[in-house]
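Structural overview
Single-letter residue listing:
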Amino acid sequence: GDSVTQMEGPVTLSEEAFLTINCTYTATGYPSLFWYVQYPGEGLQLLLKATKADDKGSNKGFEATYRKETTSFHLEKGSVQVSDSAVYFCALSVWGGGFKTIFGAGTRLFVKA
Amino acid sequence: GAVVSQHPSWVICKSGTSVKIECRSLDFQATTMFWYRQFPKQSLMLMATSNEGSKATYEQGVEKDKFLINHASLTLSTLTVTSAHPEDSSFYICSGGVLAGGNTGELFFGEGSRLTVL
């Protein structure tokens, strides 16, 4: 079945460090891929998305490229800030006998000043 | 992006009472709304999917008589936790989308509602 696997956290980084959060997926159809971010006590917000192979989603310095050959959608940022501390969810949406969204388990990021 | 408003953002109630949570799409018509439950430090667990004007589809293990979902219009869905008990305490999140063929499947989330049952 369809699934999303992302690296376990928590991830703790110092400010200005490079961030990578790995995400891989399995899907029977042609999924769209997303990264959502959840700040403490809040709902989820879309961070970026990619709808087809080789698309690169980017927002607020974060980037992720839809890699069909490796079924991956890794999230990267060149220089993290304290305000990036949050939980990041990788997700896929796919049509197939109905619409469904599958979320990864989430990766908690702590950025220290 | 589109805005989904959810309230109340937090509620405390006594065991045995019922609590209603509203989810409104403010600037778009959500053909489909989803309700999730999130336990501390865990991912979202899909509870049910509701399409406007029809009965909600519940995920396996979710009691439909306990978690009543209504999606009476394209801009409003409600979740009512009936006869709440302490084990129902959780963070509930709604999301909406315009789900038609060719759509990317992006979801717009409410702010979440934290329910504490005493």
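In the block above lies the structure referred to throughout.
In this report, the structure presented in the accompanying data block is examined. (Residues numbered from 1 in each chain as written. Chains lettered and ligands numbered in written order. Predicted model: local features only at pLDDT ≥ 70, side-chain atom pairs only at ≥ 80, totals over all residues. Heavy atoms only, no water.)

1. What about the sheet that holds strand β3 (residues 19-25) of chain B?
All names here are of chain B.
- Ordered by their spatial adjacency, 4 strands build an open sheet running β1-β3-β8-β7, and the pairing between neighbours is antiparallel. With partners counted over all chains shown, the strands left at the sheet margins are β1 (4-7) and β7 (67-73), one partner each. Averaged over all neighbouring strand pairs, the angle between strand axes comes to 15 degrees, with direction disregarded.
- As paired elements, β7 and strand β8 (residues 76-81) share 5 bridges and run antiparallel to each other. (Pairing = 2+ DSSP bridges. Helix = DSSP H or I, 4+ residues; strand = E, 2+ residues; numbered from the N terminus. Axes fitted to C-alpha atoms, helices over the stretch in contact; angles between N-to-C directions.)

2. So, the environment of B:S90
All names here are of chain B.
- For S90, the position within the fold is in strand β9 (residues 90-97).
- Given a relative accessible area of 6%, S90 falls into the buried group.
- A sequence separation of 27 residues divides S90 from V117, and the C-alpha atoms of the two residues are 8.9 Å apart.
- With sequence-adjacent residues up to four places away left out, S90 is seen in contact with R37, Q38, F39, S113, R114 and L115. (Buried < 20%, exposed > 50% of the residue type's maximum accessible area, 1.4 Å probe, protein only. Contact = heavy atoms within 4.5 Å.)

3. Here's the deal with the pattern of salt bridges
All names here are of chain B.
- Counted under the stated rule, the structure contains 5 salt bridges over all chains.
- Here R24 and E22 are joined by a salt bridge, their closest N and O atoms 3.5 Å apart.
- Between D88 and K66 there is a salt bridge, with the nearest N and O atoms lying 2.9 Å from each other. Here D88, found in the loop between β8 and β9, pairs with K66, found in the loop between β6 (57-58) and β7; they are 22 residues apart in sequence, far enough to count as distant.
- Using a relative accessible area of 13% as the deciding quantity, one classes K66 as buried. (Salt bridge = Lys/Arg side-chain N within 4 Å of Asp/Glu carboxyl O.)

4. Description of unusual backbone geometry
- At the junction of A:G9 and A:P10, the peptide bond is cis and its omega measures out at 0 degrees in the coordinates.
- By the element assignment, A:P10 lies in the loop between β1 (3-6) and β2 (11-14).
- Note that the residue after B:H7, namely B:P8, is joined by a cis bond; omega there is 5 degrees.
- Inspection of the secondary structure puts B:P8 in the loop between β1 and β2 (10-13).
- A positive phi angle, near 75 degrees, is found at A:E16, a position not held by glycine.

5. Description of the interface of chain B and chain A
- Chain B puts 21 residues into the contact, and the matching count from chain A is 20 residues.
- Counting the surface lost from both chain B and chain A, the interface buries some 1,500 Å², and carbon and sulfur atoms represent 60% of this.
- Run the count over chain B and chain A and you get 0 salt bridges.
- Summed over the shared surface of chain B and chain A, the result is 4 residue pairs in polar contact (both at pLDDT 80 or more).
- For the side of chain B that touches chain A, the secondary structure elements donating two or more residues are β4 (32-38) and β9 of chain B.
- It is β4(B) that contributes the most residues to the side of chain B that touches chain A, 3 residues altogether.
- For the side of chain B that touches chain A, the class distribution of residues is 9 nonpolar, 9 polar and 3 charged. (Buried area = accessible area lost by both parts, 1.4 Å probe. Polar contact = N/O pair within 3.5 Å; in protein donor to acceptor, adjacent residues only side chain to side chain. Nonpolar A, V, L, I, M, F, W, Y, C, P; charged D, E, K, R; others polar.)

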